[in-house]
Amino acid sequence: VTWIKQTLAVIALNLRTIPARLSSSAVAIVGIAGVVVVFVSVLSIGAGFAAAMQGSGSATRALVMRTGADTELTSGLEGPDIDVIKQAPGIRREGSGPLASAELYVILDVPKKSTPDASANVPMRGIEAMGMDVREEVSLVAGRMFQFGTNEVIVGRAANGQFVNMNTGDTIVSGQNKWNVVGIFEADGGVAETEIWADVRTLQGAYRRGNTYQSVLVRLDSSDTFDMFRDWLTSNPQVNVAIRRENEYYAAQSVAMTRLIQTIGFGIAALMGIGAVFGAILTMYTAVATRAREIATLRALGFDTTSVLISVLIESLGLGAIGGAIGAAAAYVAFNGYQTSTMNFQTFTQVAFAFRVTPELLGVGLFYALLMGLVGGLLPAIRAARLPIASALREL
Amino acid sequence: MKFLPLIWKNVWRRRFRTTFTLLSIFVAFLLFGLLMTVRAAFSLGVDIAGLDRLILIHKVSLIMPLPYSYLGRLQQTPGVELATHQTWFNGIYQEPANFFANIAVEPEAFLKVYPEFRVPADQVQAWLADRQGAIAGRDLADRFGWKVGDRIPLTGTIWQPKQGQTWEFNLVGIYDGEDGIDKTQFFFRYDYLDENRAEGAGLVGWYVVRIADPDQALALSRTFDEMFANSSAETKTTTEKGFIEGFAKQIGDIGAIMIAISSVVLFMFGLVAASTMAQSVRERTSEFAVLKTLGFTGRTILALVLAESLFIALVGGGLGLALAWVFVQQGDPTGGMLPIFVLAPRDVGIGIALMVAIGLLAGAAPALGAMRLRITDALRRV
C-alpha cells in the first residue's frame, strides 16, 4: 500500500511540474502531435477514397460488360447483345419491363475548379429511362431530370462542387457538343456523384458510337438471384459477357489506390515516429537530468526505485497523450470532410471524395502517440531509477 | 581551424544527447529525401518532358480516337520534323494487378521522336523485321523476369483480336534510359494491331509531333487545331510538358501534400535540434564566461556555437539524405505504381540548403546569447 501511495505521489509531482519544464516538454509534445497529424490525415485520404468507392453500388445490382474488359471504359456491347441481356432471368421486372439500363461511359474534358487551366477527365454516363429506377438511391437535389432525346444533362453533387460550369443553367461545351445542365443529383456519396448523366442515345451520337453500349446495369430480384442471372448469360452463346456485382466492381477499383495510400501513410508515420521517439527520449532525458537532485532526494527519503521508474514513464505517457490529443484534434479540424478529387487509376477518370477522419483512425493515432511516449520514456526512466543517490545529490 | 578540436569536444560533451539529436535530424532528412521522391513520382516526370514534342489528342477527350489520315497532313506542315502516332492498348498481362502501360507505335518514327529510349541497334533491326515484335523497358523486364526472345501474351481489353482474346508478342528488345526515364512501358507495332483487331481499323489514339523550333510550339499547336477544326475529329494540341502536367494535376495535389508533410517533419526536428542546442549552451554559461575572460571575442564564441549546431545538422542530415538516395536507387518499392522513382539533384540541393538553415536557426538564439554574455553576470550565476 505504501508503495502505491509513494508511486502516486511521485506521479502527481511529476505531472504537476510539467508546466515548469514546458519548453523542453514542448519538443516531445510538438513532435508527437506532428506525427499524429500526418499519420491521421494521410490515412484519412485512404479512408475517404475507400468509403466513396465501397459505398458505391449495391449487391442487388449486377453490371454486365464484355468479357475481358476490366472497366466500363474498355467494354463494348452491341445493340443486339442488349436485347439478350435484358431477357435474362433474375432481373427484377416492374410494370414497364425489366429494371435494366444499357449505358455508355465516356470521358468529358472539363477543368477542375482548383486547376482551371488544366482539363480533367470527368466521367460521363449515358443512361436509359430505366436507369433512374435501377438506382433507387439516386435523387435530384436541384433542378429537374433531363429530357430524353435532348442534349440536357444532370450532374452529380460532387461533380458540381469540383468542376467548373456545373451549375443548373450552365452549358458545358466540349468540341462540337454542348450539354445543358438542368439538374443536380445525389447518390448516397458514391462515385456516381462525380459523374454527368445524359441520354444514352444522345451520347451515342455525340461520341460516334453507333448502336453500341458499354455496360448494362440491372437490378436483381434479390441478391440471391445473381448466380442464376450470371449463369444464364455466361452459358448463352449469343453473348460474350462477364457479370459482376456492382458493389464488388467498385470495391475492386479502390484496392490499388487504398494500398498505395496506406503504404505511404504507414511508411511516413513509422519513420516520423522513430524521430518523435528520439525527441521524447531527449525531453525525458533532460527532465531527468535537470531533476537529478530532486529524484535523488526522493530516493534518499525512502521512495522506491520502481516508483521513480513508473513516475517517469507516466510523465512520458502523459506527454504522449497530450501530443496525441492535440494532433488528433488538429487533423480532425483541418481535414475531416475536406472535399477533393483524384484520378481513379483503373478508369483514368476523376473520383471526388471527402477525407474521412474516422473514430478508428483517431484511436489508432492516439494509441500510436502513447506508444511513442512509452518507448521514449523507457531509457530515461531506467536512468532515473539507477541514479546513484550520493553523486546525484552532490551534482552542481 | 585551430578551434576544431574544441568544437569536436563540445559536440560530444553529452554523448547520449548528441547521438539522439543526430539521429532525429538523420530521420528528418531521410524522410525529406523520400517525400521529395514521391512528389517527383507523382509529377510523372514532367521535369524531363520534351519541349519540342507536341501531343495532339481528340478535342472531346483522350479516349476518342483520331483518324490515321491526319498523319500525312501533320507531316507536311512546315516546322514539323517528324510526326507519329500512338494508341493506348490497355492489355492485361496474366492478371489486372500486373498493370503497365502498353502502347502501339510505329517503331522507326517512335525511336526517332523519343531518342531518350535507348535500344541496341541489333534489337532495333529485329523489331523492324518482326511484325509481332515488341520492346519493354528495363524495369518492366526486370519486374517480370522477361528476356529478349520471350513470348508475351496480353489479353485485349479495348481491342479484341479477330480470333480469341489474346494477343501474342515477341520480346525483341529492351530499352534503357537515364534516371527519370520511365522504363516500365511496353511498345509494340501498330501495323500488327491494326491488321488483327476486330474493329476500329485506321484509328489511332493520339499523335506526337517533333517540331524544329520549340519557340514555335504555341503557333504550331494553333495551326494544327485550326487545320482539323469543324472536322469529325477536332483536336487539342499541347506540348508534351503541358500534357503531362495536366495529367499530373488530375491526380490532385500530391506534391503539395508531400511538401506540407516535409514542412511538419522539418519543423518538428528543427525544434528538437534548437532545444538541444539551447540547453547545451545554457549548461555551459560559466564556461563561455571563462573563455571570454581568456580573451575570446564575442564573434569567436558565436562562430563556435554555430559551428557546433551546423556540424550536427550537416552530419545528421547528410547521412539521412544519403540513405534516402541509397533506398531510391533500389527502385520503386510498389512494383510498378511509381514508374519514375528518382531523387532529383535539385532536391538534394534543397535538402543541403535546409540542413544549413536548420543548423544556423537552431544555433542562432543560443549563440547570440553566448556572444552577448557579460563575464561578471555569467560567473556570478553559479
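Residues numbered from 1 in each chain as written. Chains lettered and ligands numbered in written order. Predicted model: local features only at pLDDT ≥ 70, side-chain atom pairs only at ≥ 80, totals over all residues. Heavy atoms only, no water.

Overview of the sheet that holds strand β3 (residues 80-88) of chain B
Within a sheet, each strand pairs with its neighbour through backbone hydrogen bonds, oriented either parallel or antiparallel. Residues and elements named next belong to chain B. To keep it simple, the criterion reads: A strand pair is defined by DSSP finding two or more bridges across the two strands. Strands here are runs of E lasting at least two residues and helices are runs of H or I lasting at least four, both read from the DSSP assignment and numbered beginning at the N terminus. Lines fitted to C-alpha atoms define the axes here, with helix axes fitted over just the stretch in contact, and angles between the N-to-C directions of these axes take values from 0 to 180 degrees.
As summarised here, the arrangement of the nine strands in space is β6-β7-β5-β8-β4-β3-β10-β1-β11, forming an open sheet in which the pairing is mixed. Looking at the sheet topology across the chains shown, the edges are occupied by β6 (151-155) and β11 (235-239). For this sheet, the mean inter-axis angle between neighbouring strands, taken without regard to orientation, is 35°. Strand direction decides the pairing type here: strand β4 (residues 102-105) and strand β8 (residues 186-189), joined by four bridges, are parallel. Across the sheet, the residue bridging to Ala-104 is Phe-188, located in β8.

What to know about helix α9 (residues 240-251) of chain B
Our working definition: In this analysis, the expected span of each helix is defined as 1.5 Å times one less than the number of residues it contains.
Given a rise of 1.5 Å per residue, 12 residues ought to cover 16 Å, and the 17 Å separating the end C-alpha atoms of α9 of chain B matches this to within 8%. Of the residues flanking the end of α9 of chain B, it is Gly-252 of chain B, one or two places downstream, whose phi is positive at about 110°.

A few points about the interface of chain B and chain A
Filter applied, for reference: Contacts were defined at the residue level, with two residues in contact if any of their heavy atoms lie within 4.5 Å. Once two parts are put together, the accessible area they lose, assessed with a 1.4 Å probe and summed over both, is termed the buried area. Salt bridge criterion: a side-chain nitrogen from Lys or Arg within 4 Å of a carboxyl oxygen from Asp or Glu.
Across the contact, 56 residues belong to chain B and 59 residues belong to chain A. Across the interface of chain B and chain A, roughly 4,600 Å² is buried in total on both sides, 71% from carbon and sulfur atoms. The largest per-residue losses of area from chain B upon contact with chain A belong to Phe-16, Val-60 and Gln-250 of chain B, which jointly make up 14% of the total buried on that side. Where chain B packs against chain A, one counts one salt bridge.

A look at the environment of Ser-58 of chain A
Residues and elements named next belong to chain A. Threshold: Here a polar contact means two N or O atoms within 3.5 Å. Within protein one must be a hydrogen donor candidate and the other an acceptor candidate, and residues neighboring in sequence count only if both atoms are side-chain atoms.
As for its position among the elements, Ser-58 is in the loop between α2 (22-54) and β1 (61-66). Sequence spacing of Ser-58 and Glu-137 is 79 residues, and the spatial spacing of their C-alpha atoms is 9.8 Å. Apart from the residues lying within four places of it in its own chain, the contact partners of Ser-58 are Glu-246 and Asn-247. A polar contact of 2.8 Å, which involves the side chain of Ser-58, links it to the side chain of Thr-60.

A word on the nonpolar core
The condition that has to hold: We call a set of buried Ala, Val, Leu, Ile, Met, Phe, Trp, Tyr and Cys residues a nonpolar core when their side-chain atoms join them within 4.5 Å. Each residue's exposure class comes from its accessible area (1.4 Å probe, protein chains only) as a fraction of the maximum for that residue type: buried when under 20%, exposed when over 50%, partly exposed otherwise.
With 82 residues, the main nonpolar core has Ile-268, Met-272 and Met-372 of chain A together with Phe-29 and Ile-261 of chain B as its most contacted residues. Excluding its chain neighbours within four sequence positions, the residues that come into contact with Ile-261 of chain B are Val-38, Val-42, Ile-268 and Met-272 of chain A together with Leu-35 of chain B. Counting residues in each nonpolar core, the second largest holds 44 residues, with Leu-77, Ile-172 and Val-216 of chain A together with Met-64 of chain B among its members.

Digging into helix α11 (residues 359-386) of chain A
Residues and elements named next belong to chain A. In plain terms, the rule: Take the seven residues that end at a residue and the seven that start at it, fit an axis to each, and the angle between those axes is the bend at that residue.
For α11, spanning 28 residues, the distance from its first C-alpha to its last is 40 Å, which sits close to the expected 40 Å at 1.5 Å a residue. Leu-378 marks the point of greatest bend in α11, at about 35°, and the proline Pro-380 comes within the next four residues. For α11, the complete set of buried residues consists of Leu-361, Gly-365, Tyr-368, Ala-369, Met-372, Gly-373, Gly-376, Gly-377, Pro-380, Ala-381, Ala-384 and Ala-385. Its buried side turned inward, α11 meets α2, α8 (246-290), α9 (292-300) and α10 (305-335).

Considering the pairing of strand β1 (residues 53-58) of chain B
Residues and elements named next belong to chain B. With six of six residues buried, β1 is to be regarded as a mostly interior element. Pairing analysis gives four bridges linking β1 to strand β10 (residues 206-211), with the strands arranged antiparallel. Looking across to β10, one finds that Leu-54 is bridged to Val-209.

Looking at the packing of α8 of chain A against α10 of chain A
Residues and elements named next belong to chain A. To be explicit about the condition: When describing relative orientation, an angle under 35 degrees is termed roughly parallel and one over 145 degrees roughly antiparallel, while 65 to 115 degrees is termed roughly perpendicular and anything else oblique. Crossings are classed by handedness, with left-handed meaning an anticlockwise turn of the near helix from the far one by less than a right angle and right-handed meaning a clockwise turn. Classification convention: Asp, Glu, Lys, Arg as charged; Ala, Val, Leu, Ile, Met, Phe, Trp, Tyr, Cys, Pro as nonpolar; all other residues, Gly among them, as polar.
In contact at an axis separation of 11 Å, α8 and α10 are set at 135° when each is read in the N-to-C sense. Between α8 and α10, the crossing angle belongs to the class labelled oblique. Here the hand of the crossing between α8 and α10 comes out right-handed. Across the interface between the two elements, Thr-283, Met-284, Ala-287 and Val-288 of α8 pack against Val-312, Glu-315, Ser-316 and Leu-319 of α10. Looking at the contact of α8 with α10 residue by residue, the class counts come to five nonpolar, two polar and one charged.

Side note on a nonpolar patch on the surface
Residues and elements named next belong to chain A. Where we set the bar: Here the term patch refers to residues with relative accessible area over 30% and no salt bridge, with like charges joined within 9 Å and nonpolar side chains (Val, Leu, Ile, Met, Phe, Trp, Tyr) within 5 Å. Exposure was quantified through the Shrake-Rupley algorithm and a 1.4 Å probe, taking into account, for residues, occlusion by the shown protein chains and nothing else.
A cluster of nonpolar side chains, Phe-367, Leu-371, Leu-374 and Val-375, forms an exposed patch at the surface whose accessible area comes to about 350 Å². Examined against the element boundaries, Leu-371 turns out to sit in helix α11. Residue classification places Leu-371 among the partly exposed positions, given a relative accessible area of 38%.

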